[in-house]
Amino acid sequence: QVQLEESGGGLVQAGDSLRLSCAASRRTFSTYIMGWFRQAPGKEREFVAHISWSTGSTYYADFVKGRFTISRDNAKNTVYLQMNSLKPEDTAVYYCAAAGSASSLRKGASDYWGQGTQVTVST
């Protein structure tokens, strides 16, 4: 089995930056797509970004394009989400996820989920 563990969340001021990490207990299959979702209180879970283990190809939700960057360190079995110019609207629990295809992950049909890490952006 694969376990995902997020870290790096915290309380920051609008305009600040955070880097989230998602550490996998072991390397997922090379065909897997790794990504991030977020869910604010009382709101639906929404897709943020994903990346291919094998190729490094990335895909971003429109609302974070240009501010967030997803990357991976294959040697460390870790995926990162660099978040710059944070806004109060970014406040949410951020979840790491893994899926067998890009389309599946984007739609939330993931095989593995992390426990989540809280990101709070003050006004």
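Here the structure is a predicted model, which means the values were calculated and not measured. (Residues numbered from 1 in each chain as written. Predicted model: local features only at pLDDT ≥ 70, side-chain atom pairs only at ≥ 80, totals over all residues. Heavy atoms only, no water.)

Visitor: So what's going on with the sheet that holds strand E8 (residues 78–83)? Which residues, and what values?
Guide: Judged by pairing direction, the sheet is antiparallel, and its four strands sit side by side in the order E1-E3-E8-E7 without closing on themselves. Pairing within the sheet leaves two strands with one partner each, and these edge strands are strand E1 (4–7) and strand E7 (68–73). The average undirected angle you get between the axes of adjacent strands in this sheet is 15°. (Pairing = 2+ DSSP bridges. Helix = DSSP H or I, 4+ residues; strand = E, 2+ residues; numbered from the N terminus. Axes fitted to C-alpha atoms, helices over the stretch in contact; angles between N-to-C directions.)

Visitor: Can you tell me about the nonpolar core, naming the residues and giving the values?
Guide: Met34, Trp36, Leu81, Met83 and Tyr94 are the most contacted members of the largest nonpolar core, which totals 36 residues. Among the elements of the structure, strand E3 (18–24), strand E4 (33–39), strand E5 (46–52), E7, E8, strand E9 (92–99) and strand E11 (117–122) are those that each provide at least two residues to this core. Sort the elements by how many residues they give to this core and E9 lands first, with six residues. If sequence neighbours within four positions are ignored, Leu81 has contacts with Leu18, Arg19, Leu20, Trp36, Val48, Phe68, Thr69, Ile70 and Tyr94. (Core = buried A, V, L, I, M, F, W, Y, C linked by side-chain atoms within 4.5 Å. Buried < 20%, exposed > 50% of the residue type's maximum accessible area, 1.4 Å probe, protein only. Contact = heavy atoms within 4.5 Å.)

Visitor: Describe the environment of Lys65, listing the residues and the values that go with them.
Guide: By the element assignment, Lys65 lies in the loop between strand E6 (58–60) and E7. Along the chain, Lys65 and Pro41 lie 24 residues apart, while their C-alpha atoms are 23 Å from each other.

Visitor: Before we move on, can you summarise the pattern of salt bridges with the specific residues and values?
Guide: Under the criterion given, the structure shown has three salt bridges. Two residues, Arg38 and Asp90, come together in a salt bridge whose shortest N-O distance is 2.8 Å. Residue Arg38 is found in strand E4, and its partner Asp90 is found in the loop between E8 and E9; the two are separated by 52 residues along the sequence. In this pair, the class of Arg38 matches that of Asp90, namely buried. For Arg67, the salt bridge identified is with Asp90, shortest N-O distance 2.8 Å. In this pair, Arg67 sits in the loop between E6 and E7 while Asp90 sits in the loop between E8 and E9, placing the two residues 23 residues apart along the sequence. Taking relative accessible area as the criterion, Arg67 reaches 12% and is therefore assigned buried. Judged by its relative accessible area of 1%, Asp90 falls in the buried class. The network of salt bridges with common partners includes Arg38, Glu46, Arg67 and Asp90. (Salt bridge = Lys/Arg side-chain N within 4 Å of Asp/Glu carboxyl O.)

Visitor: Give me the side chain of Arg38: which residues, what numbers.
Guide: Classification of Arg38 by relative accessible area gives buried; the value is 4%. Engagement of the side chain of Arg38 in a polar contact is seen with the side chain of Glu46, the distance being 2.6 Å. Side-chain polar atoms of Arg38 contact the side chain of Tyr94, separated by 2.9 Å. (Polar contact = N/O pair within 3.5 Å; in protein donor to acceptor, adjacent residues only side chain to side chain.)

Visitor: Describe in detail the state of the cysteines, supporting the description with residues and values.
Guide: Under the defined criterion, the tally for this structure stands at one disulfide. Paired through a disulfide, Cys22 and Cys96 show a sulfur-sulfur distance of 2.0 Å. In this structure, the disulfide formed by Cys22 and Cys96 twists by about -80° around the S-S bond and is classed as left-handed. Placement of Cys22 in strand E3 and of Cys96 in strand E9 is noted, with a sequence separation of 74 residues between them. (Disulfide = S-S within 2.5 Å.)

Visitor: Describe unusual backbone geometry, with residues and values.
Guide: In this structure, Asn77 is a non-glycine residue whose phi angle is positive, near 50°. The residue Asn77 is located in the loop between E7 and E8 in this model. What makes Asn77 buried here is its relative accessible area of 16%. Residues other than glycine seldom take positive phi values, yet Ser85 does so here, at roughly 50°. Along the chain, the position of Ser85 falls in the loop between E8 and E9.

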